[in-house]
Amino acid sequence: MTTGDGVEPQQAAGTLGTEATATPVPEPARGGLTLRDPAHRVCRRAIAYWTVESLLWSGLLLVAATVVYFFVLPERWWWVTVLYALVVVEFVVDVLVKPRWRYAVHRWEVTPVAVYTRTGWLSREQRIAPLSRVQTVDTKRGALMRLFRLASITVTTASAAGPITIAALDEDEAQRVVAELTEITGRTEGDAT
Amino acid sequence: MTERPLPPPEGAPVPLPPPSGAPARDLPPPAGPPVDLPPPPEVARVGVWHQLNPKMLLVYPVRTAGALALPFLIAFLGVRGGSPDWALQFGGIFAGLAVLGGLIPWFTTRYRFTETQLQVRRGLLNRSVVTAPLDRVRSVDLESSLLHRVLGLAKVKIGTGVDDTRIELDALGTAEAVELQRYLLTRSEAVDAPPPGEALTGEEVPAPGAAPREQVLAEIDWSWLRFAPFSLSSLAIVAAVLGVGSQFVDEVEIDSEQVQEAWGWVVAQSIVVLVGALLLAVLVGWVALSTLNYIVQWWNLRVVRQPGGTLKVTRGLITTRSTTIEEARVRGVRMVEPLLLRLVRGAELSTLATGVGQGGTTKVLPPSPREVNQAVGATLLQEDEPLTIRLREHGPASRRRQLVRAQWTTVSVMVPVLALTWWLSLPWWVPSGAFAVLVVLSWLLGAETYRNLGHALTARYLVAGSGTTQRERTALERAGIIGWVVRQSFFQRRRGLATLVATTAAGPEHVEVADLPLETAIALADAATPGLLDQFAGGPPSPPRHHRGGWGDL
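Just so we're clear, the structure is a prediction, and the values are computed from it rather than from any experiment.

Description of the overall build of chain B
Helix and strand content of chain B: 13 helices and 20 strands. Residues counted as buried form 32% of the 554 residues belonging to chain B. In chain B, of all internal contacts separated by at least 6 residues, the share reaching a separation of at least 24 is 62%.

Examining the nonpolar core
Within the largest apolar cluster, 95 residues are counted, with the highest numbers of intra-cluster contacts made by Leu150 and Leu169 of chain A together with Leu462, Leu500 and Leu524 of chain B. The leading source of residues in this core is helix 13 (residues 518–528) of chain B, at eight residues. Of all hydrophobic cores here, the second largest spans 24 residues; its members include Leu134, Leu142, Ala154 and Leu180 of chain B.

Regarding the sheet that holds strand 14 (residues 361–369) of chain B
Backbone-to-backbone hydrogen bonds join strands into a sheet, with any given pair of strands oriented parallel or antiparallel. Residue and element names in this part refer to chain B. Taken together, the six strands give an open sheet; going across it, the order is 14-13-12-17-16-15, and neighbouring strands pair in antiparallel fashion. Of all strands in the sheet, those bounded by a partner on one side alone are strand 14 and strand 15 (454–457). Here the average twist between neighbouring strands, direction ignored, is 15°. Bridge analysis of strand 12 (residues 330–337) against strand 13 (residues 346–353) gives six bridges, and the strand direction is antiparallel. Note on strand 13: the bridge partner recorded for methionine 335 is leucine 349.

So, the packing of helix 10 (residues 396–424) of chain B against helix 11 (residues 429–452) of chain B
The axes of two packed helices give the description: the angle between them and the distance between them. All names here are of chain B. Helix 11 packs onto helix 10 with a crossing angle of 155° between their chain directions and a minimal axis gap of 8 Å. In terms of orientation, helix 10 lies roughly antiparallel with respect to helix 11. For helix 10 against helix 11, the interelement crossing comes out right-handed.

Details of the pairing of strand 4 (residues 124–130) of chain A
Residue and element names in this part refer to chain A. Within strand 4, five of the seven residues are buried, which leaves it mostly tucked inside the rest of the structure. Alignment of strand 3 (residues 114–119) against strand 4, held across six bridges, turns out to be antiparallel. Its bridge partner lying in strand 4, alanine 114 is registered against proline 130. The hairpin formed by strand 3 and strand 4 contains four residues between the paired strands, and glycine 120 there has a positive phi angle of roughly 115°.

A closer look at the packing of helix 2 (residues 45–72) of chain A against helix 3 (residues 78–105) of chain A
All names here are of chain A. Running from N to C, helix 2 and helix 3 point in directions that differ by 175°, and their axes come no closer than 8 Å. Here helix 2 is positioned roughly antiparallel relative to helix 3, judged by the angle of their axes. For the contact of helix 2 with helix 3, a count of residues per class yields 16 nonpolar, three polar and five charged.

Regarding the environment of glutamate 472 of chain B
Summarising the element assignment, glutamate 472 of chain B is placed in strand 17 (residues 471–477). When sequence neighbours within four positions are dropped, the list of residues in contact with glutamate 472 of chain B reads Arg334, Val336, Ser466 and Gly467 of chain B.

Some thoughts on the confidence of the model for chain B
All names here are of chain B. Mean pLDDT over chain B works out to 78, with 75% of the residues at or above the 70 mark. Per-element confidence in chain B ranges from a low mean pLDDT of 58 for helix 5 (residues 235–249) to a high of 95 for strand 16 (residues 461–466). Every residue in residues 193–211 is under pLDDT 50, and counting partners more than four places away or in other chains gives 24 contacts. Taken together, the stretch residues 247–254 has pLDDT below 50 and engages in two contacts with residues farther than four places along the chain or on a different chain. Scoring of the predicted complex yields 0.71 for pTM and 0.80 for ipTM.

Each value, and the rule that gives it
Residues numbered from 1 in each chain as written. Chains lettered and ligands numbered in written order. Predicted model: local features only at pLDDT ≥ 70, side-chain atom pairs only at ≥ 80, totals over all residues. Helix = DSSP H or I, 4+ residues; strand = E, 2+ residues; numbered from the N terminus. Buried ≥ 20, exposed ≤ 12 C-beta atoms within 10 Å, placed from the backbone. Contact = placed C-beta atoms within 7 Å. Core = buried A, V, L, I, M, F, W, Y, C linked by C-beta atoms within 7 Å. Pairing = 2+ DSSP bridges. Axes fitted to C-alpha atoms, helices over the stretch in contact; angles between N-to-C directions. Parallel < 35°, antiparallel > 145°, perpendicular 65-115°, else oblique. Left-handed = near helix turned anticlockwise from the far one by under 90°. Nonpolar A, V, L, I, M, F, W, Y, C, P; charged D, E, K, R; others polar. pLDDT = per-residue confidence, 0-100.

Set out below in structure tokens:
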């Protein structure tokens, strides 16, 4: 992880806030520009955490469906069987596939000037926010997360559409990242709008 | 432009305390020469607790009575059969209490100015004090309802921040209110003025001492009235009128004998004539109503650029509105062309700003000619291109996606149609005919969506086009972009498409450029905010997987 030490605030503030009058009208024609993946994965324990979370929620659904299917229904119509099969498949995917997939997709990076994350599993979302526009840095630690010594960080900007969440970091690492983020954003002037 | 960190909005989750090294919240900006603040007028005299205008004691009872009228009427009608004396007494006592209760706010509301803050104290039992730093006042709106105007009062709404929370002083005398508005805005402007040498937005900002010079950007032109019937915004009023009307329909006693006679007469007449007359009546009614609404809403519209870099929009016949926005807070405009309005080459214009108006947007122009929209937009943006430039298309993959996606309508309508066919054993040509019509219609809509889709980048603005029946074009100042989201749904990924979202503090807080090739999206984001994405660039572009046709585009 990159550290924010020794970065001039001007550098941080200059990423987006600069008036564009000086730059010529750019044509978005730089073919082949792609974004690389953010540098870091979340904590490995996230897989276990997400698995347990899925077990709890999908498990609840599965138990309910099983009870209804085997004990409540007078007759097992074919379409009920299909529905039940779907619930079972959903459970298996939710518990075995989704946590690993999410772990593979979810990446994050904090540089001296920006936060960059990638999330999702079937769909993908890449979010970038310059630190000069960051307003708050929150950490969240649910009961279950505490069990796995995990914490998630949410970085918000002045836009309701722009919060960036790094889910399931190791607690200590989360603390370091938050400290670093607040340090960098604190040096930036402006009301971040 | 010098900006300072915002204070937490009242009641919002408290953000992190500023870490050591950050400037204390209420300090003036570190750089820049000391500014000469205008002396506060009497209404804003420092240190004195003011009360709202005493004439409000007349307004509150009328307002309470108005709010009570309908329930009271219903209650009265409801107990008609019972003892009216009792109902009257009860109602009278109740109304009296309500009116008295309505007076409480006047006695408990006080406001005060300090050197740096406006403080408003409210509440009888639950005291609350709202404070707003004077330097952060972004907008000051005056609003006068008919009653206010009769009494010479104006409601002052003060917007300070990123959020919608605004401080309302209801109400001051009109003269005081205007004076206060001018004072607050010149004050925040003086503090916000950039130090010499730093360009604000490439716009020449008149020095605070310069002779006041107003520039009128737009005024109502009554030939625009021809656009009124083509705007459906009056529909809400029709609905409201119908809603209220229907409440009374129940109360009307219907003589069943008369109804039968009337019915006989109706049948005797040609149904066609009746329907024709009805349609004509609806049409005439619509034209009259929409025109009336247009006049009431947009009477005396003036959009003025005031000295000191503020924008003032005044309008309204019965309730007058005056919205004043710091121009530096205006981050862009949105031009909307609903289907009907498009037929007659009309459009509507609003500004996107921080901490102002409904959801950050302020209507600037009523339905009016497109050219007028473009001209006023150009003066607001100080650039001609954003509202006139030809947008870049998003390519064949995007077009296919729009066309395929539009067929969802076909699917969702065909399911009930098929079910009905099966249920009622309709002839086969009913579903197949419906299917053919739907496919063609959806195809046309999809093609229209693609036609409206597009983006452009000008010297200072990111321009995004969207919409199917309602065409929208949003120009967002590139300096106002505070982050990017690149979103790819499962089906977009199969096409190599992405939706690029520019987040911003102004207006609706995000501007979407939908369904453009992923590489174009990244390149656009990179070009719009140079330098931000460089550090994350890399990796050879992977060729998008093309799946022609099929279901890959839902």
